[in-house]
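This is what each chain is made of:
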Amino acid sequence: MACPDCGLGSARVHSRYGRMPADVAVGGRPVVIELSVRRLFCDSPACGRRTFAEQVDGLTARYRRRSPLLQHLVEMAGVLLAGRGGARLLQILKVPLSRTSVLFHLMRLPLPPAATPRVLGVDDFALYADAYGTLLVDADTRLPIELWAGRDAGQLAAWLRAHPGVEAVCRDGSLVYRQGIADGAPDAVQVSDRFHLWQSLSKRIGDIAAAHRGCLPAAVPEPEAAPPPASPAGASDQGRHLCPPPREAALRGSARGDRHRSLAQLGSPRAGPEPPAP
């Protein structure tokens, strides 16, 4: 058995102890494996480890109470269903774990190595007050790649030198990122993303409209009153005799009433004297 630090093989036994790692359930019943493992001496004078425990391939791992197969099952449940959902699934599979334990195993998983993106997105974000951070995103897959505190051109340039192959970089109008991209990837094309393009364009339009707000009323003419619709030729004169306007009809009616009242008061010239009363 080889030492995990120096790799030197050893067969000198220090002691033995028992381990009982849990395994995947069989037939709906949990399985526990009983093992007797050895603790060995490391005889290398240059190694700082004096003893180490042997591991059985496929059954044990260092500092774990589950077999590699069961540990993989717990981790996949956390990846797919997170805490509560993963704990419920594991209860069905006869692996009783709390949601906190599922999340603990999920956070211990190493992140997969990120491939160098073809199009890189660089932007900053505010942590609090005047503290900012930098975020790198793969523009093709829209997945985050790197995250660090501060907006430093040298740090961005060092990352681009360590990850060659970036063809284009989407950034905002920051001169710090512009200098870092020019130093780290001089052959990459620097472009602005849609968000910052629309933001800059809308801000520019707003500034121009605010500066020329006083010129807008003079540039827009006042609307003219529409002329009344013209009536057909001859219809106005004929309608005037048949149906006079309301005001003219009222005046004629008042004059006719006055004439009747005057005739009633003076008496009609054609009428004779009234006969005497009997």
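About the thresholds
- Residues numbered from 1 in each chain as written.
- Predicted model: local features only at pLDDT ≥ 70, side-chain atom pairs only at ≥ 80, totals over all residues.
- Heavy atoms only, no water.
- Helix = DSSP H or I, 4+ residues; strand = E, 2+ residues; numbered from the N terminus.
- Buried < 20%, exposed > 50% of the residue type's maximum accessible area, 1.4 Å probe, protein only.
- Contact = heavy atoms within 4.5 Å.
- Areas by Shrake-Rupley, 256 points an atom, 1.4 Å probe, with all protein chains shown as cover.
- Pairing = 2+ DSSP bridges.
- Axes fitted to C-alpha atoms, helices over the stretch in contact; angles between N-to-C directions.
- Parallel < 35°, antiparallel > 145°, perpendicular 65-115°, else oblique.
- Left-handed = near helix turned anticlockwise from the far one by under 90°.
- Nonpolar A, V, L, I, M, F, W, Y, C, P; charged D, E, K, R; others polar.
- Core = buried A, V, L, I, M, F, W, Y, C linked by side-chain atoms within 4.5 Å.
- Phe/Tyr/Trp six-rings, centres within 6.5 Å; stacked < 30°, edge-to-face > 60°.
- Lys NZ or Arg CZ within 6 Å of the ring centre and 35° of its normal.

Peer 1: How do you make sense of the overall build of the protein when you look at a structure like this?
Peer 2: In terms of helices and strands, the protein carries eight helices and 10 strands. Counting the 278 residues in the protein, one finds 22% classified as buried. For the protein, the proportion of contacts with a sequence separation of at least 24, taken over those separated by at least 6, is 41%. Accessible area for the protein stands at about 20,600 Å²; split by element, carbon and sulfur atoms hold 59% of it.

Peer 1: Honestly, the pairing of strand β7 (residues 131–138) in this entry has me stumped. Any pointers?
Peer 2: Successive side chains on a regular strand alternate, one facing one side of the sheet and the next facing the other. Sheet topology note: the strand β6 (residues 119–128)/β7 ladder contains eight bridges and is antiparallel. Each residue of the ladder has a partner; that of Tyr128, found in β7, is Ala131. Hairpin connection, β6 to β7: the antiparallel pair is bridged by two residues, and Ala129 has positive phi, about 50 degrees. Direction of pairing for β7 relative to strand β8 (residues 143–149): antiparallel, over a ladder of six bridges. Considered in β8, the bridge of Gly133 is made with Ala149.

Peer 1: Got a minute to help me understand the packing of helix α1 (residues 68–92) against helix α2 (residues 99–107) in this structure?
Peer 2: Packed helix pairs are characterised by how far apart their axes lie and by the angle those axes make with each other. Interaxial distance between α1 and α2 falls to 8 Å at its minimum, and their mutual angle equals 140 degrees. As far as their axial angle goes, α2 and α1 are oblique. As α1 packs across α2, the resulting crossing turns out to be left-handed. Every residue of α2 that contacts α1 at Gln71, Val74, Glu75, Gly78, Val79, Ala82, Gly83, Arg84, Gly86, Ala87 and Leu90 is listed here: Arg99, Val102, Leu103, His105 and Leu106. Split by residue class, the contact of α1 with α2 holds eight nonpolar, five polar and three charged.

Peer 1: When you look at the nonpolar core in this model, what are you seeing that I'm missing?
Peer 2: It is characteristic of soluble globular proteins that their nonpolar side chains tend to be buried jointly. Grouped together as the largest cluster of nonpolar side chains are 13 residues, with contacts concentrated most on Leu120, Val122, Leu136, Leu156, Trp159, Leu160 and Val169. Breaking this core down by element, the ones donating at least two residues are β6, α3 (153–162) and α4 (175–184). Examining the composition of this core, we find that three residues originate from one element, α3, more than from any other. If we skip the residues at most four places from it in the chain, Val169 touches Leu120, Val122, Ile181, Ala188, Val189, Gln190 and Val191. If you look at the next biggest cluster of nonpolar residues, it comprises eight residues, including Val74, Ala77, Val95 and Leu97.

Peer 1: Teacher, can you tell me more about the packing of aromatic side chains here?
Peer 2: Where two aromatic rings form a pair, the distance of their centres and the angle of their planes describe that pair. A full pass over the atoms with the stated rule returns zero aromatic pairs. Stacked on the ring of Phe41, the Lys or Arg Arg12 has its end atom at 4.2 Å from the ring centre. The ring of Tyr132 carries Arg151 above its face, with NZ or CZ at 3.9 Å from the centroid.

Peer 1: Honestly, the pairing of strand β3 (residues 29–32) in this entry has me stumped. Any pointers?
Peer 2: Of the strand pairs in this sheet, strand β2 (residues 22–26) and β3 are connected by three bridges, and their pairing is antiparallel. Among the inter-strand pairings, Ala22 is bridged to a residue of β3, identified as Val32. What sits between the antiparallel neighbours β2 and β3 is a turn of two residues, in which Gly27 has the positive phi angle 65 degrees.

Peer 1: Just to check I follow, could you spell out the environment of Ile92 for this structure?
Peer 2: Tracing the backbone shows Ile92 in helix α1. Residues Ile92 and Gly28 lie 64 residues apart in sequence; the distance between their C-alpha atoms is 8.8 Å.

Peer 1: I tried to follow the sheet that holds β6 on my own but got confused; where do I start?
Peer 2: Two orientations exist for strands paired in a sheet by backbone hydrogen bonds: parallel and antiparallel. The five strands are arranged β8-β7-β6-β9-β10 in an open sheet whose pairing can be described as mixed. If you trace the sheet from one side to the other, it starts and ends with β8 and β10 (189–192), each paired once. Put simply, the sheet's adjacent strands are angled 25 degrees from each other on average, direction ignored. Running over the sheet, α3 touches β6, β7 and β8 and is turned about 140 degrees from β8.

Peer 1: Hey, could you run me through the sheet that holds strand β4 (residues 35–41) in this one?
Peer 2: Taking strand neighbours across the sheet as the criterion, the three strands line up as β1-β4-β5 in an open arrangement whose pairing is antiparallel. Each edge of the sheet is formed by a strand with only one pairing partner; in this case those strands are β1 (13–19) and β5 (51–53). When strand polarity is set aside, the average angle formed by the axes of neighbouring strands in this sheet is 25 degrees. Judged from the six bridges that link them, β1 and β4 form a sheet pairing that is antiparallel. Bridge pairing in β4 links Val13 to Leu40.

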